[in-house]
Amino acid sequence: MNYKSLKLNIPNLISLARMISIPFTVWLIMNGSMLAAFWVFVAAGFSDALDGYIAKRFDLRSEIGAFLDPIADKALLISVFITLGAAGHIEVWLVILVVFRDGLIVAGASVYQILFQNLTMHPLTISKVNTTFQFFLVMIVMGAAGFSIAAELFIQIAAYAVAVTSILSGTTYVIIWSRRAAAMEPGE
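Residues numbered from 1 in each chain as written. Predicted model: local features only at pLDDT ≥ 70, side-chain atom pairs only at ≥ 80, totals over all residues. Heavy atoms only, no water.

Draft legend 1. Highlighting the nonpolar core. Counting residues in each nonpolar core, the largest one holds 29 residues, and the members touching the most others are Phe81, Leu84, Leu94, Leu137 and Met142. Where this core is concerned, the elements lending two or more residues are α2 (10-30), α3 (34-57), α4 (63-86), α5 (92-116), α6 (125-147) and α7 (152-184). When neighbours within four sequence positions are excluded, Met142 is seen to be in contact with Ile29, Met34, Ala37, Phe38, Phe41 and Leu84. One finds Tyr112, Leu124, Tyr173 and Trp177 within the second-largest nonpolar core, a separate group that totals 9 residues. (Core = buried A, V, L, I, M, F, W, Y, C linked by side-chain atoms within 4.5 Å. Buried < 20%, exposed > 50% of the residue type's maximum accessible area, 1.4 Å probe, protein only. Helix = DSSP H or I, 4+ residues; strand = E, 2+ residues; numbered from the N terminus. Contact = heavy atoms within 4.5 Å.)

What follows is the structure in structure tokens.
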């Protein structure tokens, strides 16, 4: 591990700012300020695209950034999903599914790292699609509530897209890690 992989650079600071926005976003939702929560969430989503662009464009990718960026995304999404579920804006079954999928991935990654000491972070395409659908669902829910727009059909479609991609993503990670683990175990 070298110094470049550990230093905090602009993309990493943007990811940290996204993490700092989480309690504020949750507070806004819990206080019924959905329009303000919507705009903070949109800014956080924009920051996710911005930090990735800056990291790639200016060759500022780092090992810490490879972990920090997805952690910031997941912490934001999970916090907002739980809060929107508690406030009755997202169905509880979907909140449970999303949280379970992320918990499963974190637990699987942790066990894999403990056993084999060589975990690398490479998000799958289906996982990126799932995260995108999660962001869209949250934006639709908060935007509809904040702007007083009826969007039940769009919310329902987005919710099912999140559910399907959550199941596919979680299952794919379990299969991949199981195959890798089986390939690394010594033969009997």
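Draft legend 2. Representation of α5 within the structure. Given a rise of 1.5 Å per residue, 25 residues ought to cover 36 Å, and the 36 Å separating the end C-alpha atoms of α5 matches this to within 8%. On its buried face, α5 is in contact with α4, α6 and α7. Two residues or fewer past α5, Gln117 is found with a positive phi of approximately 55°. (Expected span 1.5 Å × (residues − 1).)

Draft legend 3. Structural context of the side chain of Ser166. Relative to the elements of secondary structure, Ser166 occurs in helix α7. Within the local environment of Ser166, its side chain forms a polar contact with the side chain of Asn130, the two groups lying 2.9 Å apart. Residue contacts for Ser166: discarding those within four places in its chain leaves Leu97, Val98, Arg101, Asn130 and Gln134. (Polar contact = N/O pair within 3.5 Å; in protein donor to acceptor, adjacent residues only side chain to side chain.)

Draft legend 4. Here's a closer look at the environment of Val174. Mapping Val174 onto the fold places it in helix α7. Here the alpha-carbon distance between Val174 and Ser47, two residues 127 residues apart in the chain, equals 30 Å.

Draft legend 5. Just the packing of aromatic side chains, in detail. Going through the model one piece at a time under the given rule, you end up with 6 aromatic pairs. Both rings, one in Trp39 and one in Phe147, keep their centres 6.3 Å apart while their planes meet at 85°; by these two values the pair is edge-to-face. Highlighted residues: Trp39 in helix α3 and Phe147 in helix α6, separated in sequence by 108 residues. Judged by its relative accessible area of 49%, Trp39 is partly exposed. According to the relative accessible area criterion, Phe147 is partly exposed, its value standing at 41%. Connected via pairs of aromatic rings, a cluster forms that spans Phe38, Trp39 and Phe147. (Phe/Tyr/Trp six-rings, centres within 6.5 Å; stacked < 30°, edge-to-face > 60°.)

Draft legend 6. A look at the confidence of the model for the chain. Looking at the chain as a whole, the pLDDT averages 90, with 94% of positions reaching at least 70. Here residues 1-5 is a poorly scored stretch, pLDDT under 50, and it has 8 contacts once near neighbours within four places are set aside; other chains count. (pLDDT = per-residue confidence, 0-100.)

Draft legend 7. Just the pattern of salt bridges, in detail. Enumeration over the complete set of coordinates arrives at 7 salt bridges. With its nearest N and O atoms 2.3 Å apart, the salt bridge here joins Arg101 to Asp102. We classify Arg101 as buried; its relative accessible area is 3%. (Salt bridge = Lys/Arg side-chain N within 4 Å of Asp/Glu carboxyl O.)

Draft legend 8. The arrangement of the packing of α4 against α5 in detail. Following both chains from N to C, one finds α4 and α5 inclined at 155°, their axes separated by 9 Å at the closest point. When the interaxial angle is binned, α4 and α5 end up roughly antiparallel. The hand of the α4/α5 crossing is left-handed. Residues Lys74, Ile78, Phe81, Ile82 and Gly85 of α4 form the contact with α5, whose own contacting residues are Leu94, Val95, Val98, Val99, Arg101 and Asp102. Broken down by class, the residue content of the contact of α4 with α5 amounts to 7 nonpolar, 1 polar and 3 charged. (Axes fitted to C-alpha atoms, helices over the stretch in contact; angles between N-to-C directions. Parallel < 35°, antiparallel > 145°, perpendicular 65-115°, else oblique. Left-handed = near helix turned anticlockwise from the far one by under 90°. Nonpolar A, V, L, I, M, F, W, Y, C, P; charged D, E, K, R; others polar.)

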